[in-house]
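Spelled out, the chains give:
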Amino acid sequence: MYGRRPLRALLTAYVELTRGTPVLLQLFVLYYGLAEFVRLPAFAAALLGLGLNYAAYESEIYRGALEAVPKGQLEAARVLG
């Protein structure tokens, strides 16, 4: 929601890609797909994959909550600091 346009576009693409693919596919890509470049232990790949997936869903929850605040209340909160 906030920030410069390129960063916002990059993060939106990350969230849409992460939420649009099954978590099992993401775990396979992390463990087997990145094996040529970085060899991750199974537990580390699972932890990283599930953490990135959870972060995408959590960011959508925060975005929805921030968009639910009426404009007047948001302006009042900014004035009060």
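Structure: above.
Let me begin by describing the structure that accompanies this report. (Residues numbered from 1 in each chain as written. Predicted model: local features only at pLDDT ≥ 70, side-chain atom pairs only at ≥ 80, totals over all residues. Heavy atoms only, no water.)

Considerations on the pattern of salt bridges
Under the counting rule described, the total for this entry stands at three salt bridges. Between Arg-19 and Glu-60 there is a salt bridge whose closest N-O contact spans 3.6 Å. With Arg-19 in helix H1 (residues 5–20) and Glu-60 in helix H3 (residues 42–68), the pair connects residues that are 41 residues apart, well separated along the chain. When salt bridges that share partners are traced, they join Arg-19, Glu-60, Arg-63 and Glu-67 into one network. (Salt bridge = Lys/Arg side-chain N within 4 Å of Asp/Glu carboxyl O. Helix = DSSP H or I, 4+ residues; strand = E, 2+ residues; numbered from the N terminus.)

Some words on a nonpolar patch on the surface
Together, Val-23, Leu-24, Phe-28, Tyr-32 and Leu-50 make up a nonpolar patch on the protein surface, roughly 510 Å² of accessible area in all. If you tally residues by element for the nonpolar patch, the top one is helix H2 (residues 23–33), at four residues. Relative to the helices and strands, Tyr-32 resides in helix H2. Of the residues examined, Tyr-32 reaches a relative accessible area of 56% and is grouped as exposed. (Patch = residues over 30% accessible without salt bridge, like charges linked within 9 Å, V, L, I, M, F, W, Y side chains within 5 Å. Areas by Shrake-Rupley, 256 points an atom, 1.4 Å probe, with all protein chains shown as cover. Buried < 20%, exposed > 50% of the residue type's maximum accessible area, 1.4 Å probe, protein only.)

Observations regarding the packing of aromatic side chains
The geometry of an aromatic ring pair is captured by the separation of the ring centres together with the interplanar angle, meaning the angle of the planes. A full pass over the atoms with the stated rule returns two aromatic pairs. Look at Phe-28 and Tyr-32: their rings are 5.9 Å apart centre to centre, the planes differ by 45 degrees, and that puts the pair in the tilted class. Of the two residues, Phe-28 and Tyr-32 are both situated in helix H2; the distance of four residues between them amounts to about one turn of the helix. Through successive ring pairs, a cluster of aromatic residues spans Phe-28, Tyr-31 and Tyr-32. (Phe/Tyr/Trp six-rings, centres within 6.5 Å; stacked < 30°, edge-to-face > 60°.)

Structural notes on the layout of surface pockets
If you add up the space inside the largest pocket, you get close to 350 Å³. Along its surface, the largest pocket is lined by 14 residues, and Met-1, Leu-11, Thr-12, Ser-59 and Arg-63 are the ones closest to its centre. Of all the elements in the fold, those that place two or more residues in the lining of the largest pocket are H1 and H3. Ranked by residue count, the leading element in the lining of the largest pocket is H1, at seven residues. Considering only residue class, the lining of the largest pocket consists of eight nonpolar, two polar and four charged. Its volume calculated, the second largest pocket comes out at about 230 Å³. Around the second largest pocket sit Tyr-14, Leu-17, Thr-18, Thr-21, Leu-25, Gln-26, Val-29, Leu-30, Leu-34, Gly-49, Leu-52 and Asn-53, which together line it. Residue assignment for the lining of the second largest pocket shows that the elements contributing at least two residues are H1, H2 and H3. Considering each element in turn, the lining of the second largest pocket owes the most residues, four residues, to H2. Its residues assigned to classes, the lining of the second largest pocket comprises seven nonpolar, five polar and no charged. (1 Å grid on protein atoms, 1.4 Å probe; cavity = no way out; pocket = protein on both sides within 12 Å on 5 of 7 lines; lining within 4 Å. Points joined across faces, edges and corners; volume = space filled by probe spheres on them. Nonpolar A, V, L, I, M, F, W, Y, C, P; charged D, E, K, R; others polar.)

Honestly, that's just the spatial picture; any functional story needs more than this.
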